[in-house]
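Observations on the model geometry
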Number of protein chains: 2
Amino acid sequence: MEYKAPLRDMRFVLHELFDVAGHCELLGNGLDRELIDGVLEEAAKYAGEVVAPLNRNGDEEGCTLENGEVTTPKGFKEAYQQYVDNGWASMAGPIDFGGQGFPQLVAAQFQEMLMGANLAFRVYSGLTDGAVLALYKHGSEELKNAYLAKMVSGSWSGTMCLTEPQAGTDLALLRTKAEPQADGSYKVTGNKIFISGGEHDMSENIVHLVLARLPDAPAGVKGISLLLVPKLLPDANGNPGARNALSCGAIEHKMGIKGASTCVMNFDGATGWLIGGPNQGLACMFTMMNDARFQVGLQGLGIAEQAFQGALSYARERLQSRALTGPANPEKAADPIIVHPDVRRMLLTQKTLVEGARMLGAYCAVQLDLEHGHPDEAARKAAAKRAALLIPIVKSFFTDLGQEVASLGVQCYGGHGFIREWGMEQLMRDSRITQLYEGTNGIQALDLIRRKLMGDGGAEMAALQAELLAQSEALAGRAELAGLVEPIRARLNEWRELTAQVLAAAARDPQEIGAVSVDYLQYSSYVLIAAFWLQAAAKAQDALDAGSGETGFYQAKLRSAEFYVKRILVRASSHREALLGGADCLMALPEADFAF
Amino acid sequence: MEYKAPLRDMRFVLHELFDVAGHCELLGNGLDRELIDGVLEEAAKYAGEVVAPLNRNGDEEGCTLENGEVTTPKGFKEAYQQYVDNGWASMAGPIDFGGQGFPQLVAAQFQEMLMGANLAFRVYSGLTDGAVLALYKHGSEELKNAYLAKMVSGSWSGTMCLTEPQAGTDLALLRTKAEPQADGSYKVTGNKIFISGGEHDMSENIVHLVLARLPDAPAGVKGISLLLVPKLLPDANGNPGARNALSCGAIEHKMGIKGASTCVMNFDGATGWLIGGPNQGLACMFTMMNDARFQVGLQGLGIAEQAFQGALSYARERLQSRALTGPANPEKAADPIIVHPDVRRMLLTQKTLVEGARMLGAYCAVQLDLEHGHPDEAARKAAAKRAALLIPIVKSFFTDLGQEVASLGVQCYGGHGFIREWGMEQLMRDSRITQLYEGTNGIQALDLIRRKLMGDGGAEMAALQAELLAQSEALAGRAELAGLVEPIRARLNEWRELTAQVLAAAARDPQEIGAVSVDYLQYSSYVLIAAFWLQAAAKAQDALDAGSGETGFYQAKLRSAEFYVKRILVRASSHREALLGGADCLMALPEADFAF
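All values reported here derive from a predicted model rather than from experimental measurement. (Residues numbered from 1 in each chain as written. Chains lettered and ligands numbered in written order. Predicted model: local features only at pLDDT ≥ 70, side-chain atom pairs only at ≥ 80, totals over all residues. Heavy atoms only, no water.)

**Description of the side chain of Arg56(A)**
Residues and elements named next belong to chain A. Test applied: Under the scheme used here, helices are H or I runs from DSSP no shorter than 4 residues and strands are E runs no shorter than 2 residues, and both carry numbers assigned from the N terminus. Pairs of N or O atoms are called polar contacts if they sit within 3.5 Å, as long as, within protein, a hydrogen donor faces a hydrogen acceptor (for residues adjacent in sequence, only side-chain-to-side-chain pairs). Residue contacts follow a heavy-atom distance rule, with two residues in contact if any of their heavy atoms lie within 4.5 Å.
Note that Arg56 resides in helix α4 (residues 55-61). Within polar-contact distance, the side chain of Arg56 engages the side chain of Gln426 at 3.1 Å. Once you skip the residues sitting within four places of it in the chain, Arg56 turns out to touch Arg420, Glu421, Gly423, Glu425, Gln426 and Arg429.

Now the structure itself:
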């Protein structure tokens, strides 16, 4: 399947919705519109011409483990070398360690391209980005000097080693141990599972960030420390030297992302060094958690874009049956299936979810940039709160929609959607992991309610809702948008009321937290994205009013916004009714009576 | 993954809801409750102990094609031989050709077991059942005598050869030719794709039912004929003889049901015989279409049951985190995840969709039985109309829920859900085909509106709705059911109004047919199943009132009905709002403007 980066829509989001040039000026990074557009055009070529063509074969070939060495699918190594050599790896890396310091708002567009083109390939570098962030924020100067430049350039890659067989969601159950040595290092011993990129042949060295317990650590999550444990110990010149006491014991056989090695990692007294203080591991991980979860959200979006492209292209070409109103294509034996309302329903669902998510993702990226780079501390804190509120929504909703949009893609292809060579079923299989890793989507929803909403009594959510309401009210006078403003404003008000009900229920009964969480997250996502569709429609109308020559593009934004309101936003109704159903109907059935 | 047939629930459906003994008496087949229960217990053993253990390996090993011969996965052939030898193949077959004449109401329970235990294995025999039906109804005496007994016993298997590369949904585009020969036979020439069980090593012979055109046939679907084309031509004694001029050119590489061979079949002047008259092929296919679509619906149900069993078992065993109300299992390091409301939400969604679908499926099976076997012709016709109305709902809704329930199963397993050895991801991959074959679910929805609803101006649907309303009103006085009766009655009334709106919109604008179809089918399904949950709750309350010792089972029915109404039935709201969004928002966007 061909992947063509949606550059026009990305430029709409970057320039017309979020004024990326002004954003860069505020951040003081010296980037301008021309440079950004140029970089994204080159990025589109790399993603479309180098990375995407490896996706189908990567799925068929998968990874192999022999004598402790993992071989990645044909072509991955060479494409990764280009990723390093041409500076793609360092795009968003910190400038003081050789990075180019692009803001997340721009980097997210490139990352989405990689994920759409070949998710398995992106998995390796995505975890390096996360490891860089944790090391940059919490590592000692010595560790940073020894590792960061090589990780930023991509010549060394990174992993996150959290999960153990008995400890997935619940990190309190971690058993891996780190014993202090006389030289200030630690000996790390334990078994980790589900380690993406734990072993592979693409980079010169692999730097594992490992959660473990020091000997005197308190029980539970307060006794977890973070250690840096390299595959190859740097020699006196800082080059990869002696092999450390760690190995890949097995690679998993998975539903999808088969080109990504998912490893069982055994640490047998491996040498490592503490990142952050003793027992500060979870706090250090939380630093990179926002970034990592944002990235997983982008994975859902990237795959969804690719599924939409495939379905649209198939629907334009496949001739089958006649339009309900009579032959649209009388000179041919049948009409292209895009004439059918139900096929259009599927395509427009894909399109409006994808474009809607791209806007919300960019808004979230802006907050992450401001959190890290706004010159004013209060503004940094404000952005951090906003980002923290949005992250569980982005991670969960984008990955759910990735699966839905991929499945719609399969449906558009009919029987061919089930056949591997067409590539569409792979997108369903690849995207399914995104709803599970970095915290399952159920965990994201709990995080939204428990930490983000209840954490401040709903204050940040109320602030967001008030801003969106004010924006919608500012558009109330515009006749061309009347069909959008009213239903969206009504939903924003309903969302405020519902949020108050959710907070009251959660305060009354802790079971309600888990009983409302997923439906509340879904409800919030649909309404939030509607607010961005309203903004997009306003910008499109502005452009048309100003006499833009791109009437097709802007008219499509208006039509898409209308579709979203009439056909997608309405899903909020059922989520609202479901969560108002309360906890009792979930808890009443005794465990023993679930089956007979 | 272990498969344990849900015998208790099947007995509830058979005896308590649908009085299978009375049903059998009406049909005059001489079966009684004891015999039926005994057969289903043996069936459960065969499904659970013989067929289910082959499922995981069947997926890994798949089928292989060498020199035109297809080898099925290890164990399939032996399990199939038991299926033949022990009379499972002939359970529902016609008595005059060696079948046992079990009604569909009973056979459906066995078929659900097979599908849950191993869908790929069931695909082979499922198509034989369909071919038997078509041949029995439309074949000449000569053909029936030569083929039926062997197909009913299962020693010869059957296929349906419809699809060609250019003709999937749209059979008008068929090109395969059948040329009459002097001896009354035909030479069949053409290429068919997606032929399940087109070639394999499990049966002595394979009997293909092939759609083709006679030389003088009119264009389009009116010019299609049905031919019987055996792999091996019967010799003078009726045994498999000379090889016919047909071959398997390739087998597809698929997302799932890898143990089922999906073949490209090449007919190169193969000898065949007409079933039914010339150009009557589509009418003959329609005979078996109801049955085939019902069977595909059961596939969704069977897989869903298996996914529920797996998820429930995992949720009871997996220890992770603590209950929101504090440790439920303080002596262990963590609580089983079934304590979490969101995990229960997933499990109860699975449970109530599965049990709800089982009731609706049984109701549909009753109609199919009455259509074929009621002593009174008017009653046969009435049942045929009812079955025809229900079939697209059963096919489409059950397969959608199969995919949803399997995906919820993966979600309950967390990261392990993505790993092949756990078996849950296979259920997602296997069930995905059911939404596509035998007419995609979009086509089912069009069938519901165009043929079934508009075909009689909504009369049959109105009759069904009136019956369900009357049943709900009869329960209005029962205080214990008050929480169910009111919301369900309100939905039944809303459904009537919505149906009138849909009919009016479709009459006004043909695009509305396709614009409302999927959401109307979904809406109708949720409400229809709610009506059966109300019946189930009433029966459960009856049993409790009568002092049944099985309080857990019956209380679970009441709790499940309550969950369904509060958490699942509410989905109808969004489908209603979506379809009322109309066709304009689907058709307004010019095809050229879907992407830029």
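Back to the text.
**Here we look at the environment of Glu317(B)**
Just so we agree on the cut-off: With a 1.4 Å probe rolled over the protein chains alone, any residue whose accessible area is under 20% of its type maximum counts as buried; one over 50% counts as exposed, and the rest are partly exposed.
Checked against the element boundaries, Glu317(B) lands in helix α9 (residues 281-317). Given the relative accessible area of 61%, Glu317(B) is considered exposed.

**Let's talk about the packing of helix α11 (residues 377-412) of chain A against helix α13 (residues 441-453) of chain A**
Residue and element names in this part refer to chain A. Which entries qualify depends on this criterion: Axis angles are defined between N-to-C directions and span 0 to 180 degrees, where every axis is a line fitted to C-alpha atoms and, for a helix, only to the segment in contact. Our angle categories are set so that under 35 degrees counts as roughly parallel, over 145 as roughly antiparallel, 65 to 115 as roughly perpendicular, and the remainder as oblique. Two helices cross in a left-handed way if the nearer one is turned anticlockwise from the farther one by less than a right angle. They cross in a right-handed way if the turn is clockwise.
Relative to each other, α11 and α13 sit at 160 degrees, their axes nearing to 9 Å. Considered as vectors, α11 and α13 are oriented roughly antiparallel to each other. When you trace α11 past α13, the crossing you get is left-handed. Where α11 approaches α13, its residues Ala388, Leu389, Pro392, Ile393, Lys395, Ser396, Thr399 and Asp400 are matched on the opposing element by Asn441, Gln444, Asp447, Leu448 and Lys452.

**As for the interface of chain B and chain A**
Many descriptions give the size of an interface as the accessible area lost when the pieces come together. Where we set the bar: Buried area: the accessible area, evaluated with a 1.4 Å probe, that two parts lose upon being put together, summed over both parts. Whenever a carboxyl oxygen of Asp or Glu lies within 4 Å of a side-chain nitrogen of Lys or Arg, that contact is scored as a salt bridge. Each residue gets one label: Ala, Val, Leu, Ile, Met, Phe, Trp, Tyr, Cys and Pro are nonpolar, Asp, Glu, Lys and Arg are charged, and the others, such as Gly, are polar.
Counting residues at the interface gives 101 residues for chain B and 101 residues for chain A. Taken over both partners, the interface formed by chain B and chain A buries close to 8,500 Å², and the fraction arising from carbon and sulfur atoms is 61%. When residues of chain B are sorted by the area they lose upon contact with chain A, Phe418(B), Arg567(B) and Phe594(B) head the list and together hold 10% of the total. Ionic pairing is found between Asp519(A) and Arg567(B), a salt bridge with its closest N-O pair at 3.6 Å. At the boundary of chain B and chain A, one finds 47 residue pairs in polar contact (both at pLDDT 80 or more). In terms of residue class, the side of chain B that touches chain A is built from 46 nonpolar, 26 polar and 29 charged.

**Examining the UniProt feature "domain: Acyl-CoA dehydrogenase/oxidase N-terminal" (unreviewed entry) in chain A**
The line we're drawing: UniProt positions are given in the numbering used here, feature names are shortened, and annotations may be inferred rather than shown by experiment.
Residues given the UniProt feature "domain: Acyl-CoA dehydrogenase/oxidase N-terminal" (unreviewed entry) here are residues 41-154 of chain A. Helix and strand shares over residues 41-154 of chain A are 66% and 5% respectively, and the end C-alpha atoms of the span are 21 Å apart.

**Some remarks on the nonpolar core**
The cut-off we apply is this: The definition of a nonpolar core used throughout is a set of buried Ala, Val, Leu, Ile, Met, Phe, Trp, Tyr and Cys residues joined through side-chain atoms within 4.5 Å.
In terms of nonpolar packing, the biggest core is built from 425 residues, with Met113(A), Leu360(A), Trp495(A), Met113(B), Leu360(B) and Trp495(B) touching the most fellow members. Setting aside residues up to four positions removed in sequence, Met113(A) forms contacts with Tyr3(A), Ala5(A), Leu7(A), Met10(A), Leu40(A), Ala43(A), Ala44(A) and Ala47(A).

**Some details on α9(B)**
Residues and elements named next belong to chain B. Here is the rule we go by: Working rule for helices: expected span equals 1.5 Å times residues minus one. The angle between axes fitted to the seven residues ending at a residue and the seven residues starting there is what we call the bend at that residue.
For α9, which comprises 37 residues, the first-to-last C-alpha distance of 53 Å matches the rise-based estimate of 54 Å (1.5 Å per residue) to within 8%. Maximal helix bending in α9 amounts to about 35 degrees, located at Met288. Counting buried residues along α9, 31 of its 37 residues qualify, which places the element largely inside the surrounding structure.

**As for the relation of the copies chain B and chain A**
In summary, the two copies of the chain are related to each other by a rotation about an axis coupled with a shift along it. Selection rule: Least-squares superposition aligns the copies on the C-alpha atoms of those residues with pLDDT at or above 70 in both.
Superposing chain B onto chain A takes a rotation of 180 degrees combined with a translation of 0.0 Å along the rotation axis, leaving an RMSD of 0.0 Å. The superposition of one copy onto the other is thereby described by a two-fold rotation axis. Among all residues of chain B, the one whose C-alpha sits closest to the rotation axis is Ser574(B), at a distance of 2.7 Å. Residue by residue, 100% of the interface of chain B is reproduced at the interface of chain A, so both copies engage with the same surface.

**Examining the domain arrangement of chain A**
Residues and elements named next belong to chain A. This is how the line gets drawn: Segment limits for the domains were obtained from an automatic or database-derived domain assignment.
According to the domain assignment, chain A contains domain 1 (7-135), domain 2 (157-279) and domain 3 (442-586). If you average the C-alpha positions of domain 1 and of domain 2, the two centres end up 25 Å apart. Residue-level contacts link 25 residues of domain 1 with 24 residues of domain 2. Summed over the three residues of domain 1 that lose the most area to domain 2, namely Val70, Tyr124 and Leu127, the buried surface amounts to 27% of that side. Taken together, domain 1 and domain 2 are joined by 0 salt bridges. The tally of links between domain 1 and domain 2 comes to 7 residue pairs in polar contact (both at pLDDT 80 or more). The set of elements that each furnish at least two residues to the side of domain 1 that touches domain 2 consists of α4, β1 (64-66), β2 (69-71), α5 (76-85) and α7 (119-138).

**Description of the pattern of salt bridges**
Within the structure shown, the criterion is met by 77 salt bridges over all chains. Between Arg56(B) and Glu60(B) there is a salt bridge; the shortest N-O distance is 3.0 Å. Of this pair, Arg56(B) and Glu60(B) both sit in helix α4 (residues 55-61), 4 residues apart, which is roughly one turn of the helix. Connected through shared salt-bridge partners, Asp9(A), Glu112(A), Glu305(A), Lys351(A), Glu355(A), Arg358(A) and Lys557(A) make up one network.

**Looking at the environment of Asp542(A)**
All names here are of chain A. Within the fold, Asp542 resides in helix α16 (residues 510-545). Sequence-wise, Asp542 and Leu209 are 333 residues apart; in three dimensions their C-alpha atoms are separated by 49 Å. Reaching out from Asp542, the side chain makes a polar contact with the side chain of Arg478 at a distance of 2.8 Å.

**What about the packing of helix α15 (residues 482-508) of chain B against helix α16 (residues 510-545) of chain B?**
Axes are the key here: two packed helices are described by the angle between their axes and the distance separating the axes. Residues and elements named next belong to chain B. Their axes nearest at 10 Å, the elements α15 and α16 cross at an angle of 160 degrees. Judged on the interaxial angle alone, α16 and α15 are roughly antiparallel. Viewed along their axes, α15 and α16 form a crossing whose handedness is left-handed. Tallied by class, residues from the contact of α15 with α16 come to 20 nonpolar, 2 polar and 4 charged.

**Description of the UniProt feature "domain: Acyl-CoA dehydrogenase/oxidase C-terminal" (unreviewed entry) in chain A**
According to UniProt, the positions carrying the feature "domain: Acyl-CoA dehydrogenase/oxidase C-terminal" (unreviewed entry) are residues 279-451 of chain A. Secondary structure across residues 279-451 of chain A comprises 73% helix and 0% strand; the distance between its end C-alpha atoms is 21 Å.

**Considerations on unusual backbone geometry**
If you check the backbone angles, Ile257(A) has positive phi at about 30 degrees while not being a glycine. Residue placement: Ile257(A) occurs in the loop between β10 (246-251) and β11 (262-275). The phi torsion at Asn67(B) lies on the positive side, around 50 degrees, for a residue other than glycine. You can call Asn67(B) exposed: its relative accessible area is 76%.

**Observations regarding the side chain of Ser574(B)**
Structurally, Ser574(B) can be placed in helix α18 (residues 571-579). From its side chain, Ser574(B) meets the backbone oxygen of Val570(A) in a polar contact 2.7 Å long. In terms of polar contacts, Ser574(B) uses its side chain to reach the side chain of Ser574(A), at 2.7 Å. Not counting residues within four places of it along the chain, the set of residues in contact with Ser574(B) comprises Val570(A), Arg571(A), Ala572(A), Ser573(A) and Ser574(A).

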